[in-house]
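Chain by chain, the residues run as shown.
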Amino acid sequence: MDDVTYEDEPPREIKLVKVDGTYGTYRIEEKMKPSDVVILVCFVIVLIIAYFS
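No experiment lies behind these values; they were computed from the predicted model shown. (Residues numbered from 1 in each chain as written. Predicted model: local features only at pLDDT ≥ 70, side-chain atom pairs only at ≥ 80, totals over all residues. Heavy atoms only, no water.)

This paragraph deals with the environment of threonine 25. Assignment of secondary structure puts threonine 25 in the loop between strand 1 (14-18) and strand 2 (26-30). Residue classification places threonine 25 among the partly exposed positions, given a relative accessible area of 36%. Excluding residues within four positions of it along the chain, threonine 25 makes contact with Val17, Lys18 and Val19. (Helix = DSSP H or I, 4+ residues; strand = E, 2+ residues; numbered from the N terminus. Buried < 20%, exposed > 50% of the residue type's maximum accessible area, 1.4 Å probe, protein only. Contact = heavy atoms within 4.5 Å.)

Here's what the structure looks like:
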């Protein structure tokens, strides 16, 4: 089995959000990295250009 090191794949950044009205229940939300946002914006721009071409 291949061992994945911290340098190869750093751990995901998550945020725990307490669920209202519950006791000890949390929801996990992943934080988007700035590089993910840039890729998403570029993808949307390409889709818009393809739609209007």
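Here we come to the packing of aromatic side chains. On inspection of all chains with the given rule, the structure shows one aromatic pair. Seen from their ring centres, tyrosine 51 and phenylalanine 52 are 5.1 Å apart, and the 80° between their planes marks the pair as edge-to-face. Note on phenylalanine 52: relative accessible area 65%, which makes it exposed. (Phe/Tyr/Trp six-rings, centres within 6.5 Å; stacked < 30°, edge-to-face > 60°.)

The values are spatial; any link to function lies outside them.
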